[in-house]
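Listed below are the residues making up each chain.
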Amino acid sequence: IRPSIYRHRSLISNESSLIQEAIIRCPADLPDSCTFFEKLVRLQHYGLPTRLLDVTSNALAALYFACREKERTIGEVLVLDIPKEHVKYYDSDTVALIANVARRPYSFDLNALPRPKEVLNKDPEIGRLLYDIREDKPAFRPLIEIDDLRRVVCVRAKLDNARIARQDGAFLLFGIRDKKVRCASIPKDWIICGNDSKRITLSNKRRIKTELEQFGISEQTLFPELDYQTKSIVERFKGRYRRRTTKP
């Protein structure tokens, strides 16, 4: 279970550059008024690989996404039970800390940092991380604990994005496992169904999507943007035409 930035070595090695290029090219969509976490959410929304992984509290939405692509393959729904202390709001200090790891260079290595907290927070590498965090949180105190950089947290984002609202969405935000090239892992006890425990696997994806549509769960309802709406409208009318012209 990994976020998209960790699915190809060349992506994670250029994470900070990917984000900077997006900000340079689309400043109106990524204004300075957005926190860095909010910028990651927008970049995720538009398909840039990030250290975020989408999750939903809506079981039917989860079922839809497990069936959405590659209809001839097996899909799987993962059910997570995330402890309350690992669920954070968008403006959490922990969220700001982990999110800004994305801006650190590929060489960022926790093993190279001093262990005592007092010395750690005076280290130049941590100083640069603090500088980035304070762009969003000027009052952020230099009390970083190294284990917080290794965490995975579930973040409840603002529902100012229609897609997040429709999908009952939240995000898993991944820290690092010592070196930046290695992604932090979800604790095994979070996974109560899926992977190595009792699996919820799906095979007849097309049929399931047709049935979900009867419950109001479809691409058209989960993706409110105009490009998805027009795509769904066209596909619906194509389907009607095929049904009318297909011989028994």
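Preceding block: the structure.
Let me begin by describing the structure that accompanies this report. (Residues numbered from 1 in each chain as written. Predicted model: local features only at pLDDT ≥ 70, side-chain atom pairs only at ≥ 80, totals over all residues. Heavy atoms only, no water.)

The subject of this paragraph is the overall build of the chain. Looking only at helices and strands, the chain features 11 helices and 10 strands. Residues classed as buried in the chain amount to 42% of the 248 residues present. Counting contacts in the chain only where the partners sit at least 6 residues apart, residues at least 24 apart contribute 72% of the total. Carbon and sulfur atoms make up 51% of the accessible area of the chain, which totals about 14900 Å². Distance from the positive charge centre (46 side chains) to the negative charge centre (34 side chains) of the chain: 6 Å. (Helix = DSSP H or I, 4+ residues; strand = E, 2+ residues; numbered from the N terminus. Buried < 20%, exposed > 50% of the residue type's maximum accessible area, 1.4 Å probe, protein only. Contact = heavy atoms within 4.5 Å. Areas by Shrake-Rupley, 256 points an atom, 1.4 Å probe, with all protein chains shown as cover. Lys, Arg positive; Asp, Glu negative; His and termini not counted. Charge placed at Lys NZ, Arg CZ, Asp CG, Glu CD.)

The next subject is the sheet that holds strand β4 (residues 87–89). Strands sit in the order β1-β6-β5-β4 across an open sheet of 4 strands; the sheet is mixed. Looking along the sheet, the strands with just one partner apiece sit at the ends: β1 (52–56) and β4. Geometrically, the sheet is characterised by an average inter-axis angle of 35 degrees between neighbouring strands, direction not taken into account. Together, β1, β5 (152–156) and β6 (169–174) form the strand contacts of helix α3 (residues 36–45), whose direction differs from that of β1 by roughly 75 degrees. (Pairing = 2+ DSSP bridges. Axes fitted to C-alpha atoms, helices over the stretch in contact; angles between N-to-C directions.)

Between helix α4 (residues 59–67) and helix α9 (residues 205–214), the least distance of the axes is 9 Å, while the angle of their chain directions is 145 degrees. In this structure, α4 meets α9 at a crossing whose hand is left-handed. When α4 is examined against α9, the residues Leu60, Leu63, Tyr64, Ala66 and Cys67 are found in contact with a partner set consisting of Lys205, Ile208, Lys209 and Leu212. Here the contact of α4 with α9 is composed, by residue class, of 7 nonpolar, no polar and 2 charged. (Left-handed = near helix turned anticlockwise from the far one by under 90°. Nonpolar A, V, L, I, M, F, W, Y, C, P; charged D, E, K, R; others polar.)

Alignment of strand β7 (residues 176–177) against strand β8 (residues 179–183), held across 2 bridges, turns out to be antiparallel. Note on β8: the bridge partner recorded for Ile176 is Cys183. Linking β7 back to β8 in an antiparallel pair, the connection comprises 1 residue, with Asp178 at a positive phi of about 70 degrees.

Time to look at the pairing of β5. Here β5 lies mainly inside the structure; 4 of its 5 residues are buried. Pairing of β4 with β5, which is carried by 3 bridges, proceeds in the parallel orientation. Bridging from a neighbouring strand, Tyr89 pairs with Arg156 of β5. Pairing geometry for β5 and β6, over 4 bridges, is antiparallel. Bridge pairing in β6 links Cys154 to Leu172.

With that out of the way, let us pick up unusual backbone geometry. Negative phi characterises most residues that are not glycine, and trans characterises most peptide bonds. Its identity as a non-glycine residue notwithstanding, Lys70 has a phi of 50 degrees, on the positive side. Its location among the elements puts Lys70 in the loop between α4 and β2 (75–77). One non-glycine residue, Asp168, lies in positive phi territory at about 50 degrees. Mapped onto the secondary structure, Asp168 falls in the loop between α8 (162–167) and β6. Classification of Asp168 as partly exposed rests on a relative accessible area of 36%.

Before going further, it helps to examine the pattern of salt bridges. Going through the model one piece at a time under the given rule, you end up with 19 salt bridges. For Asp132, the salt bridge goes to Arg104, with nearest N and O atoms at 3.2 Å. Here the residue Asp132 occupies a position in helix α7 (residues 124–136), and Arg104 occupies one in the loop between α5 (93–99) and α6 (117–120), the gap between them amounting to 28 residues. Taking the relative accessible area as the measure of exposure, Asp132 reaches 9% and is therefore buried. Judged by relative accessible area, Arg104 falls into the buried class, the value being 7%. Three or more residues are tied together by salt bridges with common partners; here these are Arg104, Glu125, Arg128 and Asp132. (Salt bridge = Lys/Arg side-chain N within 4 Å of Asp/Glu carboxyl O.)

What is shown is where atoms sit, not what they do.
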